[in-house]
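Structural overview for review
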Amino acid sequence: MTQTKKMSGLISQLLTLARSDSGKQQLQLELINLSELAEIIMEEQQLWANEKNITITGNISPDIFMQADETMMMRLFINLISNSITYGKENGHIWVALSCQDGQITGSVSDDGIGIPEEHLENIWKRFYQVNPSRSSSDGHGAGLGLPMVKWIVTAHGGKICTDSTPEKGTVFTFTFYSNAEKI
């Protein structure tokens, strides 16, 4: 069953990326509470993080709303947090932050995991690229599609994403969007 679920997720990401390449992947925009969404995903991912005794801590400002595709925003948080779990260290930490100031939404997912060597940073957004394929495949995660999917989601919503990483100290993914909704 687990293998079937992994294969289904892989196919889903491949289809989404193929549709985006051909201009056929349409966003289903609706007003969403990004804060609540992030907190729900953090809680769900904590179950998997517990297997490595990794603690996920949030610093989420309440009621950040934006017009976005809810499913894609879920994938954004799931992919970034699961990436941090996959490359996190036993007894490690993941921090998720989300805030909005002057109409700009800023979010980040950071960890104290294995980090990414500088020479690989520009390539992590390429499909199927893996810094260390043997590490990725050992636990069944890491087909090299998660980060390209994240980049596409952020770009499709008019945002930007960047990475800062230090080997053996951890990685920070930071994304920004311009809020297109007032607080309700």
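Cut-offs applied
Residues numbered from 1 in each chain as written. Predicted model: local features only at pLDDT ≥ 70, side-chain atom pairs only at ≥ 80, totals over all residues. Heavy atoms only, no water. Helix = DSSP H or I, 4+ residues; strand = E, 2+ residues; numbered from the N terminus. Buried < 20%, exposed > 50% of the residue type's maximum accessible area, 1.4 Å probe, protein only. Areas by Shrake-Rupley, 256 points an atom, 1.4 Å probe, with all protein chains shown as cover. pLDDT = per-residue confidence, 0-100. Contact = heavy atoms within 4.5 Å. Axes fitted to C-alpha atoms, helices over the stretch in contact; angles between N-to-C directions. Left-handed = near helix turned anticlockwise from the far one by under 90°. Nonpolar A, V, L, I, M, F, W, Y, C, P; charged D, E, K, R; others polar. Core = buried A, V, L, I, M, F, W, Y, C linked by side-chain atoms within 4.5 Å. Expected span 1.5 Å × (residues − 1). Polar contact = N/O pair within 3.5 Å; in protein donor to acceptor, adjacent residues only side chain to side chain. Pairing = 2+ DSSP bridges. Patch = residues over 30% accessible without salt bridge, like charges linked within 9 Å, V, L, I, M, F, W, Y side chains within 5 Å. Salt bridge = Lys/Arg side-chain N within 4 Å of Asp/Glu carboxyl O. Lys, Arg positive; Asp, Glu negative; His and termini not counted. Charge placed at Lys NZ, Arg CZ, Asp CG, Glu CD.

This part is about the overall build of the protein chain. Counting its secondary structure elements, the protein chain contains 5 helices and 7 strands. Listing every helix and strand of the protein chain by position from the N terminus yields α-β-α-β-β-α-β-β-α-α-β-β. Considering the protein chain as a whole, with its 184 residues, one finds that 43% of them fall into the buried category. Per element, the accessible surface of the protein chain, about 10000 Å² overall, is 51% carbon and sulfur.

In this section: the confidence of the model for the protein chain. Across the protein chain, the average pLDDT comes to 83, with 74% of residues at 70 or higher. In the model of the protein chain, helix H4 (residues 133–138) stands out as the element of lowest mean pLDDT, 44, in contrast to strand S2 (residues 55–60), which has the highest, 98.

Mapped onto the secondary structure, Val-150 falls in helix H5 (residues 146–156). Once residues lying within four places of it in the same chain are set aside, the contact partners of Val-150 are Leu-76, Asn-79, Leu-80, Trp-125 and Ile-161.

At a closest axis distance of 9 Å, the pairing of helix H3 (residues 70–86) and H5 adopts a crossing angle of 145°. Crossing of H3 over H5 shows left-handed handedness. Contact residues: H3 offers Met-72, Met-73, Arg-75, Leu-76, Asn-79, Leu-80 and Asn-83, while H5 offers Gly-146, Leu-147, Met-149, Val-150, Trp-152, Ile-153 and Val-154. Looking at the contact of H3 with H5 residue by residue, the classes come out as 10 nonpolar, 3 polar and 1 charged.

Summarising the element assignment, Pro-62 is placed in the loop between S2 and strand S3 (65–69). Looking at Pro-62, the relative accessible area reads 59%, which means it is exposed. Taking C-alpha positions, Pro-62 is 9.4 Å from Cys-100, a pair spaced 38 residues apart along the chain.

Membership of the largest hydrophobic core comes to 40 residues, with the highest contact counts inside it found for Leu-34, Met-73, Leu-76, Val-96 and Phe-175. Those elements that provide at least two residues to this core are helix H2 (34–49), S2, S3, H3, strand S4 (93–101), strand S5 (104–111), H5 and strand S7 (170–178). Excluding residues within four positions of it along the chain, Met-73 makes contact with Ile-32, Leu-34, Leu-37, Met-66, Ala-68, Ile-153, His-157 and Phe-177.

Let us look at H3. If you check H3, its first and last C-alpha atoms are 24 Å apart, about what 17 residues at 1.5 Å a residue would give, namely 24 Å. Summarising burial for H3: 13 of the 17 residues are buried, a large majority. If you check the start of H3, you find a side-chain oxygen 3.1 Å away from the backbone N of Thr-71, and it comes from Asp-69.

Residues in a regular strand point their side chains to alternate faces of the sheet. Burial analysis of S3 places 4 of its 5 residues in the buried class, which makes it a mostly covered element. Bridge count between strand S1 (residues 29–33) and S3: 5 bridges; the pairing is antiparallel. Paired with Leu-29 across the two strands is Asp-69, which belongs to S3.

Let us look at a negative patch on the surface. On the surface, Glu-36, Glu-39, Glu-43, Glu-44 and Asp-63 cluster together into a negatively charged patch. Here Glu-39 lies in helix H2. On the basis of relative accessible area, Glu-39 is assigned to the partly exposed category, the value being 36%.

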